[in-house]
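# Results of the structural survey
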Amino acid sequence: MSVKSIFRLLITLAIFALAILLAWSLWQHYMLSPWTRDGRVRADVVNIAPDVSGQVVQLPVRDNQLVKKGDLLMEIDPARYELALQQAEAAVTARRADLDVRRADVETRRADLDMRRAQARRRADIDALVVSREAREDAGTQVTASQAQLQAAQAQYQGAQAQYQAALAQRDTAKLNLERTKVYSPVDGYITNLNVRRGDYASAGAAKIAVIDSHSFWVYAYFEETKLPLLSIGDHAKIQLINGATLAGHVDSIARGIYDRDNPQSRELIADVNPTFNWVRLAQRIPVRIHLDQVPEKVLLASGLTCTVVLEPGSGKQQGGNRN
């Protein structure tokens, strides 16, 4: 065999060995490194529902618009609630007047009782020869009657006071309902999938507008259960969106349960065990929440984007992170 043939053979063997080493390295990286392509960008979605019912008369927002906390999103027709507030204020005025009358009656009855008691004391101090026994008994009867009238007036005053407090509560409720005809954004975020229109009827408690909180984006990375021993709370994470943008974050938490489709309950609330068994068992994927630490200014985040997440094992322990 010539030297040239031996040289070609050695080169071929070297290339083959390098290919095997590279394949082994890639396999080790795929099997042992904590990374996953199954990542999703998530965000808090605030469902905005009016607190009162009525026709939508103002809608100063549009689909996909950025809104700030406190911005007006929509307004319900306030006419009915303005009339309700006027009626409640009139009821408060009437109950206030009745309360004043009852208070004056109590004061009058108290003054009459004091006078009756004073007269009874004077008659009791006079000699029995001057004032007859019947006169003294009559004075005592008048005191008792006056005391009963005072108690009745006080009871009526307490009832009027309770009615006045109830009228105040109804007025405050009417005022609150009028204020709630204007619906404001509770967070900074983006209007999404806007389907309400001016003139639509909005029911109290029924969501009409969805706002994605712009400060709540995070990533859910679904790691195979075989890679969970490599994860630690606080580990640095590199997130690469499918459009090429790169983000930085860290492991915030690890889910503690997923739904077991192979073990449902029967109608008798006992386990319904599947009689068949697949010899090939795929590793379950566990959701891992990734907190975003750095997001470039020009990167557009949207809930539902897919991404690849690569972790740095042990980086969280170096900064005091601990496994939960």
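First, a word on scope: everything that follows refers to the structure included in this document. Since we're looking at a predicted model, the values are computed, not measured. (Residues numbered from 1 in each chain as written. Predicted model: local features only at pLDDT ≥ 70, side-chain atom pairs only at ≥ 80, totals over all residues. Heavy atoms only, no water.)

### Thoughts on the overall build of the protein chain
Helices and strands together make up the secondary structure of the protein chain, namely four helices and 14 strands. For the protein chain, with 324 residues in total, the buried portion stands at 27%. When the accessible surface of the protein chain is totalled, it reaches about 21500 Å², and 53% of it is carbon and sulfur. (Helix = DSSP H or I, 4+ residues; strand = E, 2+ residues; numbered from the N terminus. Buried < 20%, exposed > 50% of the residue type's maximum accessible area, 1.4 Å probe, protein only. Areas by Shrake-Rupley, 256 points an atom, 1.4 Å probe, with all protein chains shown as cover.)

### Here's the deal with the nonpolar core
For soluble globular proteins, nonpolar side chains are generally found buried alongside one another. Membership of the largest hydrophobic core comes to 26 residues, with the highest contact counts inside it found for Val219, Ile239, Leu241, Ile290, Val309 and Leu311. Taken together, the elements giving at least two residues each to this core come down to strand S10 (218-224), strand S11 (236-241), strand S12 (246-254), strand S13 (285-294) and strand S14 (306-311). Residue contributions to this core peak at four residues, all from S13. Ignoring any residue separated from it by four or fewer positions in sequence, one finds Val219 in contact with Arg40, Val41, Ile239, Val288, Arg289, Ile290, Leu292, Cys307 and Val309. With 18 residues, the next largest nonpolar core counts Val67, Tyr81, Leu194 and Ala202 among its residues. (Core = buried A, V, L, I, M, F, W, Y, C linked by side-chain atoms within 4.5 Å. Contact = heavy atoms within 4.5 Å.)

### Quick notes on the pairing of S12
Pairing geometry for S11 and S12, over five bridges, is antiparallel. Across the sheet, residue Ile239 finds its bridge partner in S12, namely Leu247. The antiparallel hairpin formed by S11 and S12 contains four residues in its connecting segment, where Gly244 sits at a positive phi of about 100°. In terms of strand pairing, S12 meets S13 through six bridges, oriented antiparallel. Among the inter-strand pairings, Ile254 is bridged to a residue of S13, identified as Val288. (Pairing = 2+ DSSP bridges.)

### Let's talk about the environment of Ala94
Tracing the sequence through the fold places Ala94 in helix H2 (residues 79-125). Note on Ala94: relative accessible area 46%, which makes it partly exposed.

### Remarks on unusual backbone geometry
For Asn64, which is not glycine, the phi dihedral falls at a positive 70°. The class for Asn64 is exposed, based on a relative accessible area of 56%. A positive phi angle, near 50°, is found at Asn193, a position not held by glycine. Along the chain, Asn193 falls in the loop between strand S7 (189-192) and strand S8 (201-202). Assessed through its relative accessible area of 56%, Asn193 is described here as exposed.

### With respect to the sheet that holds S13
If you trace the six strands once around the closed barrel, you get S1-S10-S13-S12-S11-S14, paired in antiparallel fashion. For this sheet, the mean angle separating the axes of adjacent strands, direction not counted, is 40°. (Axes fitted to C-alpha atoms, helices over the stretch in contact; angles between N-to-C directions.)

### What about the sheet that holds S7?
Within the open sheet, the four strands sit side by side as S2-S9-S7-S4. Their pairing is antiparallel. Two strands in the sheet have a free side with no partner beyond their single neighbour: strand S2 (45-48) and strand S4 (66-67).

### Side note on the packing of aromatic side chains
Inspection of the entire model under this criterion finds two aromatic pairs. Ring centres 6.2 Å apart and planes at 80° place the aromatic pair Trp218 and Tyr220 in the edge-to-face group. Taking the relative accessible area as the measure of exposure, Trp218 reaches 10% and is therefore buried. Judged by its relative accessible area of 24%, Tyr220 is partly exposed. Taken together, Trp218, Tyr220 and Tyr222 form an aromatic cluster joined through their ring pairs. (Phe/Tyr/Trp six-rings, centres within 6.5 Å; stacked < 30°, edge-to-face > 60°.)

### Observations regarding a nonpolar patch on the surface
A cluster of nonpolar side chains, Ile6, Leu9, Leu10 and Leu13, forms an exposed patch at the surface whose accessible area comes to about 360 Å². With respect to the helices, strands and loops of the structure, Leu13 is situated in helix H1 (residues 3-32). Given the relative accessible area of 48%, Leu13 is considered partly exposed. (Patch = residues over 30% accessible without salt bridge, like charges linked within 9 Å, V, L, I, M, F, W, Y side chains within 5 Å. Salt bridge = Lys/Arg side-chain N within 4 Å of Asp/Glu carboxyl O.)

### Things to note about the side chain of Thr36
For Thr36, the location among the structural elements is in strand S1 (residues 35-42). Ignoring anything within four residues of it in the chain, the contact list for Thr36 reads Ala221, Tyr222, Phe223, Arg285, Cys307, Thr308 and Val309.

### Comments concerning the pairing of S10
Taken across its seven residues, S10 has five buried, putting it largely inside the fold. Sheet topology note: the S1/S10 ladder contains four bridges and is antiparallel. Across the sheet, the residue bridging to Gly39 is Ala221, located in S10. Across seven bridges, S10 lies against S13 in antiparallel orientation. Pairing of Phe223 across the sheet is with Ile286, part of S13.

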